[in-house]
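Analysis of the macromolecular model
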Amino acid sequence: MASRNRNRVAPKEQNAWNIPVQTKSESDRQPARKPSTANGSKSGAAAAAAATSEPAGMSSSKIPLPSSMLKKSQEKFNQVQRQHAETAKKYAAEYVSSEEEEEGEDTSGQEAGAAASNDAATRNILGDVLKNYHGAEADVGKTQEYLQHLLESRNAVCLICIETVKRADRIWSCAACYTFFHLMCIQRWANDSMSMKRINHEQQEGYYNNRGEYIPKPALDVHWDCPKCRREYEPEAIPRHYECFCGKEREPNAHPWLIPHSCGEPCEKQLNPACGHTCRLLCHPGPCPPCPQTVNVSCRCGSSPVKTIRCAQKSWTCARKCKRKLACGIHECGAQCHDAGQCPPCQNRSKQPCLCGAQTKEVNCHESRWQCDSVCNKPFPCGLHHCEGVCHAGPCGPCPLGLPRSCPCGKTETRAASCSERIGTCGDTCEKVLACGQHLCPERCHQGACGNCLELVPKVCRCGSTKKPIVCHREAICEGRCKRTRTCGKHQCNRKCCDGQCPPCDRVCGKTLPCGKHKCSSLCHQGPCYPCNQKSTIKCRCGGTVAEVACGRERKANAPKCKLPCRAASKCHHPNTHTCHPGDCPACVLPCGQPNDTTNCEHPCRAKCHDAVQVVTREKNFKPVGPWDVPKETVEVKTLPHPACTVKVPVMCLGGHETADWPCSSSKPSSCGRQCGRLLKCGVHRCPLACHKVTHRASTTQDSRCEPCTAGCTLPRPEGCVHSCALRCHKPPCDPCLVSIKSQCYCGLTQVFYKCHEFYPTGMEGKEPEELAELARRRESFLSCGQKCIKNFPCGHRCTSICHPGRCPNPEQCSKKVKVACKCGQRKVEVSCKVARATPTLDCDQQCEAVRAQKQEEQERKEREARAEEELQNQRELEEYERKFGKRKHRERKRHQVQQEEKGTHWAVYVAPVVAVLIGVALYFLFVQ
């Protein structure tokens, strides 16, 4: 059963609680452990493949094998590897959690998705549990570390059944060590423990001790304890229900994003030490963190102002010194801030007499009242006797012999005449209780102490095997020898009448100690002997320094540190400068200093000494038998050649632009990468090549190796000229530009032609304003066609000037004839355009007024005729409506009855026509719509 359980616990690829765990690198998760089951299986498969692929006696051979054998070995290794990988996946899917056992094996895609969310899930779970804690990070560190270990350790194992505690199991956790157990396991453990204690109590019996007293068996104390920390619990504390960690909820449901066996509610346990506050974390395993609440308290000595601190700290210490008076009442405390009543004793020293004043010595201030060992010996007031008390303070009191006294047995009391008178015996039997506490003294009243009890009483011996009468003051001892084995476990007790408390073995052990040189001199004992307490000497490599170590540790102890120079022969051309040391000499760190034959320069080699350097070499022609086979490495001490000289020497570049310090081994002129920059023969451009070799490095003009100028003219053209110079690169000035330019005139009707150099002459920069104005007039003459302008004035008439730029001049002097009328348009006059702009309208005369009145009268007449015609049309439509929809006359049927004519007119005769008219109007509007 135990082996089966171990096999089930072994696979650790999945968390036993099925909680997403923060992934770590293989080196962090298993720094010094053996490989897991899967890895171990792979390595075992590799070893098996290696054993099968290499014949006996040829495992270390380096003879190349045929390609067919290598192929078979590789195929066998891959097959074994696949088998072990499938086995590992099977174990991982089988023992992940109880939910997965019920639902079956998870797919590989679900496992990959769960592994991808491990990191975020762990942070979310811990963040949710600790989100309500607002204390310092150091206070919650212990609880957070416990939770982190719980989620990542993958070792949640019940210590009773050695089974994994899964997230769906019903558990109980100890209140002291917070260890998990299955609920059924801890119940069985508690019941079994109490049953065993009851059985042991029933088997116990009372016994008689060496004095013959009966010792009853102890009272029954039934309790059970935690299997790990051994904390005792009462029988009523046996868990009966599965509860969450905080105890609020019974049978908590498993939630995928909560800590297993947690209810997800605030913990609210009383914090320890008790401060009145409760835990603010969510329901969690392990101890609650210290109280994060803040309180306002003063320092321990009370001299500092109130300060806000964490409730878990309770108090704080200031930097001031306590000024309370010490117990001596003279000196102040002077210690750093502390609680009241905890001042240390006064440490000031002074000479103080003892209580009786006979001696004086220097003591601490708090020990000023001290008592010597001498007898007081001061005379009593009687002058005959002296005080026999030890050093005391105050008067000695009256002489004790002058007080009422009794005889030695105390039965007769008398008062002597003086303290010098002696009181004799009374002659009666003493009858004082003897030392045994049971019998009385049978002698007559006597001076001094009573003797031993001589009564014969039956006593049981110490071992309880014999009972016989014996003198009361003696112990009953039989002649039997104890056959029990002493604590050493080797020798018998062999003590007469042993009471069961055998003394330790008094023989010498005599075993050879682990050092192999001495024997154990302790009393005979169990277990291994203590290490040898003798000392041995060890020496350094040169023998100049000696140190003592425990005997037997000579080989394992490090050699003593020796400050003498090393005496070993140097492996290089330098003398040894280091001190004595064990093992091989360290590599020489001094500069080589020998001539450098690698670069053949005059500088000595400045590299670290390389006469004796450890060089690791691998076999070049190594052919592995399988992927597990690695080439052997050979470490040899060799003399390496001198490295290239690194002394800095000044070197000028090929073009002579700069001088830089280069290592001596590379001190050849080279290109600096800059542009050559030498002035070419054209006098305008410079050599565009990168720094190159030249004949004279100090020269700044074109060299034979410089690239000749092949560019065209790059001189700036006159302002406005867009044509390039047709000549090759030359010195200024350029020839005048003879290009003909075609352009529109100002009015846009005619194209004009002019030379570029005439319109944009050279050398106009910095000219006088008169010359610039003359150039502007000349340009206007080039762009004017000489015809009449086709533009219109703002008034709409054509400009009268010759083709010109910009706005037309003098638009207000337009003399074109236009007509001007009055407001009614009856009166019209022809005037010039400039006069029309001044007076745009004329004043109306009498003729205009007569025409306006005639027009108004004609308009009123037309309006009256229109209204009359509209009324006539409405009358016609009403008559037509009444003709079509008026009330028809019905014939009256002949009646045989004779109706009596009513007297008077009925009211319906007047109402009926009105109702008919209203209905007709309503129907008319309805049809019209």
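Residues numbered from 1 in each chain as written. Predicted model: local features only at pLDDT ≥ 70, side-chain atom pairs only at ≥ 80, totals over all residues. Heavy atoms only, no water.

So, the overall build of the protein
- The helix and strand inventory of the protein stands at 14 helices and 24 strands.
- In the protein, which comprises 929 residues, the proportion classed as buried is 26%.
- Summarising the internal contacts of the protein: among those between residues at least 6 apart in sequence, 32% fall at separations of at least 24.
- Carbon together with sulfur atoms contributes 51% to the accessible area of the protein, which is approximately 64500 Å² in total. (Helix = DSSP H or I, 4+ residues; strand = E, 2+ residues; numbered from the N terminus. Buried < 20%, exposed > 50% of the residue type's maximum accessible area, 1.4 Å probe, protein only. Contact = heavy atoms within 4.5 Å. Areas by Shrake-Rupley, 256 points an atom, 1.4 Å probe, with all protein chains shown as cover.)

Looking at the nonpolar core
- Core analysis: the biggest nonpolar cluster contains 30 residues, and Trp 172 and Trp 224 have the highest contact counts within it.
- Listed by contribution, the elements that provide at least two residues to this core are β1 (171-173), β2 (180-182) and α9 (183-203).
- Cys 721, Cys 745, Leu 783 and Cys 803 belong to the second largest nonpolar core, which has 11 residues in total. (Core = buried A, V, L, I, M, F, W, Y, C linked by side-chain atoms within 4.5 Å.)

As for a negative patch on the surface
- Together, Asp 221, Glu 232, Glu 234 and Glu 236 make up a negatively charged patch on the protein surface.
- Looking at where Glu 236 falls in the secondary structure, it is placed in the loop between β6 (232-233) and β7 (294-297).
- Note on Glu 236: relative accessible area 69%, which makes it exposed. (Patch = residues over 30% accessible without salt bridge, like charges linked within 9 Å, V, L, I, M, F, W, Y side chains within 5 Å. Salt bridge = Lys/Arg side-chain N within 4 Å of Asp/Glu carboxyl O. Lys, Arg positive; Asp, Glu negative; His and termini not counted. Charge placed at Lys NZ, Arg CZ, Asp CG, Glu CD.)

What to know about the state of the cysteines
- Following the criterion strictly, the structure yields 0 disulfides and no others.
- Cysteine Cys 267 shares no disulfide, and the gap to the nearest cysteine sulfur, in Cys 288, comes to 4.0 Å.
- Taking relative accessible area as the criterion, Cys 267 reaches 2% and is therefore assigned buried. (Disulfide = S-S within 2.5 Å.)

Notes on the environment of Cys 376
- Checked against the element boundaries, Cys 376 lands in the loop between β10 (360-364) and β11 (405-406).
- Along the backbone, Cys 376 and His 386 are 10 residues apart, and their C-alpha atoms lie at a distance of 8.2 Å.
- With residues near it in sequence (within four places) discarded, Cys 376 still touches Cys 387, Gly 389, Cys 391, His 392 and Cys 396.

Here we look at unusual backbone geometry
- Of note in the backbone geometry, Asn 377 takes a positive phi value of approximately 60° without being a glycine.
- Looking at the secondary structure, you find Asn 377 in the loop between β10 and β11.
- One non-glycine residue, Cys 497, lies in the positive phi region at around 45°.
- Structurally, the position occupied by Cys 497 is in the loop between β14 (467-471) and β15 (535-539).

Some points on the pattern of salt bridges
- For the structure shown, the criterion picks out 17 salt bridges.
- Put simply, Asp 506 and Arg 486 hold a salt bridge, and the shortest N to O gap is 3.3 Å. Separated by 20 residues along the polypeptide, Asp 506 in the loop between β14 and β15 and Arg 486 in the loop between β14 and β15 bring together distant segments of the chain.
- Looking at Asp 506, the relative accessible area reads 56%, which means it is exposed.
- The exposure class of Arg 486 is buried, given its relative accessible area of 14%.

Looking at the confidence of the model for the protein
- Per-residue pLDDT for the protein has a mean of 76; in total, 80% of the residues score no lower than 70.
- Taken element by element, the predicted model of the protein shows its lowest mean pLDDT in helix α3 (residues 37-53) (34) and its highest in β6 (92).
- This stretch, residues 894-905, has a pLDDT under 50; its non-local contacts, to residues over four places away or in other chains, come to 1 contact. (pLDDT = per-residue confidence, 0-100.)

Section: the packing of aromatic side chains
- Counted under the stated rule, the structure contains 10 aromatic pairs.
- Ring geometry for Trp 172 against Tyr 233: centres 5.7 Å apart, planes inclined by 75°, an arrangement best described as edge-to-face. Linking Trp 172 in strand β1 with Tyr 233 in strand β6, this pair joins segments that are 61 residues apart in sequence.
- Here Tyr 233 falls in the buried class, since its relative accessible area comes to 11%.
- Geometrically, the ring pair formed by Tyr 754 and Phe 782 is stacked, given 6.2 Å between the ring centres and 10° between the ring planes. With Tyr 754 in strand β22 (residues 751-755) and Phe 782 in helix α11 (residues 769-783), this residue pair connects regions lying 28 residues apart in the sequence. (Phe/Tyr/Trp six-rings, centres within 6.5 Å; stacked < 30°, edge-to-face > 60°.)

What about the pairing of strand β21 (residues 740-744)?
- As defined by bridge partners, β21 adjoins β22 across 5 bridges and the pair is classed as antiparallel. Considered in β22, the bridge of Ser 743 is made with Val 752.
- As consecutive antiparallel partners, β21 and β22 are separated by 6 residues, and within that stretch Gly 748 has a phi angle of approximately 85°, a positive value. (Pairing = 2+ DSSP bridges.)

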